[in-house]
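# Secondary and tertiary structure notes
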Amino acid sequence: MKTKTFFTKLTQWEHWATPMFYIPVLPYAFYQAIKIRSFTFFLNTNPAIKNSGDGTESKYKTICLVPEKYRPKSVLIQINEDFNEVKSKISKAKITFPLIAKPDLGFRGLLVKKINSEKELKNYLHKNNSVTILIQEFIDYSEECGIFYYRLPNKERGKITSITLKKFLSVVGDGKSTLSELILADKRAFLYYDLLQNIHQEKMHSVLKKDEKLILTVIGNHSKGTQFLNGNHLISEELEQTFDKLNKQIKGWYYGRLDIKYNTFEELLEGKNFKVLEINGILAEPTHIYDASVKDASYFKALKAIKENWKTITEIAVHNRKKQALTSTKPIHYIKEMVALRKYAKQLTTLNKDN
């Protein structure tokens, strides 16, 4: 199975490692930096978010920028915080089980987990007691998407350039096969067998009834098996107006991807019954590019989309720098931050393997 997984991921570019999508675009980013005479110009894109959202920002502080009615209830758990205090915070915030736990500084779905009980939470926090954890209410809206939005600071209207619909990994029972067998037989689920075995360890040998559908993971991240589908046909002026209104309530945020849970797209169009799970800044991708099932999709078109994003980042950052008199971070200071972030990422990766 490991050999099959390896060759599937090798031959299907949607599964390629992140550097494969960013290293080819680096020459263009360097060109922009030389032209602007600043190697850290991009940090001026979203003044409200630390480093404009390059992965060093607090998810808790960032989600708190979103108006309360549009965000999940959230609490921050400090390193080695007493569990009684944790329970008190959750209670005061009126967060109930199941809930979502994840690192306050995190990316790529590392350590993001749905927690179903107090016992599970205590175990999760014990295993990850070297990391600050964000706890959020579990939003049970049935649908999830990523909407990539930007607005030039001198414009009243913004643009949506990408919509990614998220299809959660699932299997359907045949009345004979065990869950383990169904996962191994599924053309996508088998790639995430180790992860799913950890999530469903008590069910792996149970047999699903005929036509019984089981959602295997509820975390809308590609690394957790969720399939990203190109939803750009849903971009409309009405939807852009809805997000213009939201954007103007988040002072200092001009660019990025909103990860959203909602009930129906019709309600989302009207700005009703949705929650912003996260704001992703300059590190965000237009994740529709990972839908390899689209007829004309290709690795090179994915690179082109990322390059276009860098053009937008440049335009917004230069404008903010001029109009808001923002200072540039010295490259040596930023390099130190990136070295620290890389070390932290390795720590998260190690912890993720143990969870």
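Below, the structure is looked at part by part. (Residues numbered from 1 in each chain as written. Predicted model: local features only at pLDDT ≥ 70, side-chain atom pairs only at ≥ 80, totals over all residues. Heavy atoms only, no water.)

### Focus on the overall build of the chain
Helix and strand counts for the chain come out as 12 helices and 11 strands. C-alpha atoms of the chain, sized along the principal axes, occupy 65 × 50 × 40 Å. A burial count over the chain gives 50% of its 355 residues as buried. Residue pairs at least 24 apart in sequence account for 74% of intrachain contacts in the chain once pairs closer than 6 positions are excluded. A total accessible area of about 18,600 Å² is found for the chain, and carbon and sulfur atoms account for 54% of it. (Helix = DSSP H or I, 4+ residues; strand = E, 2+ residues; numbered from the N terminus. Buried < 20%, exposed > 50% of the residue type's maximum accessible area, 1.4 Å probe, protein only. Contact = heavy atoms within 4.5 Å. Areas by Shrake-Rupley, 256 points an atom, 1.4 Å probe, with all protein chains shown as cover.)

### Here's the deal with the side chain of His222
Position of His222 among the secondary structure elements: in the loop between strand E8 (213-215) and strand E9 (227-230). Classification of His222 as buried rests on a relative accessible area of 14%. Within polar-contact distance, the side chain of His222 engages the side chain of Glu14 at 2.9 Å. (Polar contact = N/O pair within 3.5 Å; in protein donor to acceptor, adjacent residues only side chain to side chain.)

### Some remarks on the packing of helix H5 (residues 83-92) against helix H6 (residues 118-127)
Between H5 and H6, the shortest axis-to-axis distance is 11 Å and the interhelical angle comes to 125 degrees. Judged on the interaxial angle alone, H6 and H5 are oblique. As for the relative orientation of H5 and H6, their crossing is right-handed in sense. Mapping the contact onto sequence places Phe83, Val86, Lys87 and Ile90 in H5 and Glu118, Leu121, Lys122 and Leu125 in H6. A class-by-class count of the residues in the contact of H5 with H6 yields five nonpolar, no polar and three charged. (Axes fitted to C-alpha atoms, helices over the stretch in contact; angles between N-to-C directions. Parallel < 35°, antiparallel > 145°, perpendicular 65-115°, else oblique. Left-handed = near helix turned anticlockwise from the far one by under 90°. Nonpolar A, V, L, I, M, F, W, Y, C, P; charged D, E, K, R; others polar.)

### A short note on the packing of aromatic side chains
Two descriptors summarise a pair of aromatic rings, namely the distance from one centre to the other and the angle between the planes of the rings. The full count for this structure, using the stated rule, is 16 aromatic pairs. On the numbers, 6.4 Å between centres and 40 degrees between planes, the contact of Tyr28 with Tyr31 is tilted. Linking Tyr28 with Tyr31, this pair stays in helix H3 (residues 26-36), spanning three residues, or about one helical turn. Note on Tyr28: relative accessible area 16%, which makes it buried. Here the aromatic residues Trp13, Trp16, Phe21, Tyr290, Tyr299 and Phe300 are joined through ring pairs into a cluster of three or more. The positively charged end of Lys9 is found above the aromatic ring belonging to Tyr192, 5.6 Å away from the centroid. Taking NZ or CZ as reference, Lys114 lies 4.6 Å from the ring centre of Phe138, over its face. (Phe/Tyr/Trp six-rings, centres within 6.5 Å; stacked < 30°, edge-to-face > 60°. Lys NZ or Arg CZ within 6 Å of the ring centre and 35° of its normal.)

### A look at the pattern of salt bridges
Considering all chains together, one arrives at 15 salt bridges under this definition. A salt bridge links Glu118 to Lys87; its shortest N-O distance comes to 3.6 Å. Taken as a pair, Glu118 in helix H6 and Lys87 in helix H5 lie far apart in primary sequence, 31 residues in all. Judged by its relative accessible area of 40%, Glu118 falls in the partly exposed class. Using a relative accessible area of 32% as the deciding quantity, one classes Lys87 as partly exposed. Note that Asp259 and Lys166 form a salt bridge whose closest N and O atoms lie 3.7 Å from each other. Highlighted residues: Asp259 in strand E10 (residues 255-262) and Lys166 in strand E6 (residues 159-167), separated in sequence by 93 residues. (Salt bridge = Lys/Arg side-chain N within 4 Å of Asp/Glu carboxyl O.)

### Some thoughts on the nonpolar core
If you look at the biggest cluster of nonpolar residues, it comprises 30 residues, and the most contacted ones within it are Phe21, Phe41, Phe42, Tyr255, Trp310 and Ile313. Where this core is concerned, the elements lending two or more residues are H3, strand E5 (143-150) and helix H11 (299-323). Take this core: its biggest share by element is nine residues, from H11. Ignoring anything within four residues of it in the chain, the contact list for Phe41 reads Ala29, Gln32, Ala33, Ile36, Trp310, Ile313, Thr314 and Ala317. (Core = buried A, V, L, I, M, F, W, Y, C linked by side-chain atoms within 4.5 Å.)

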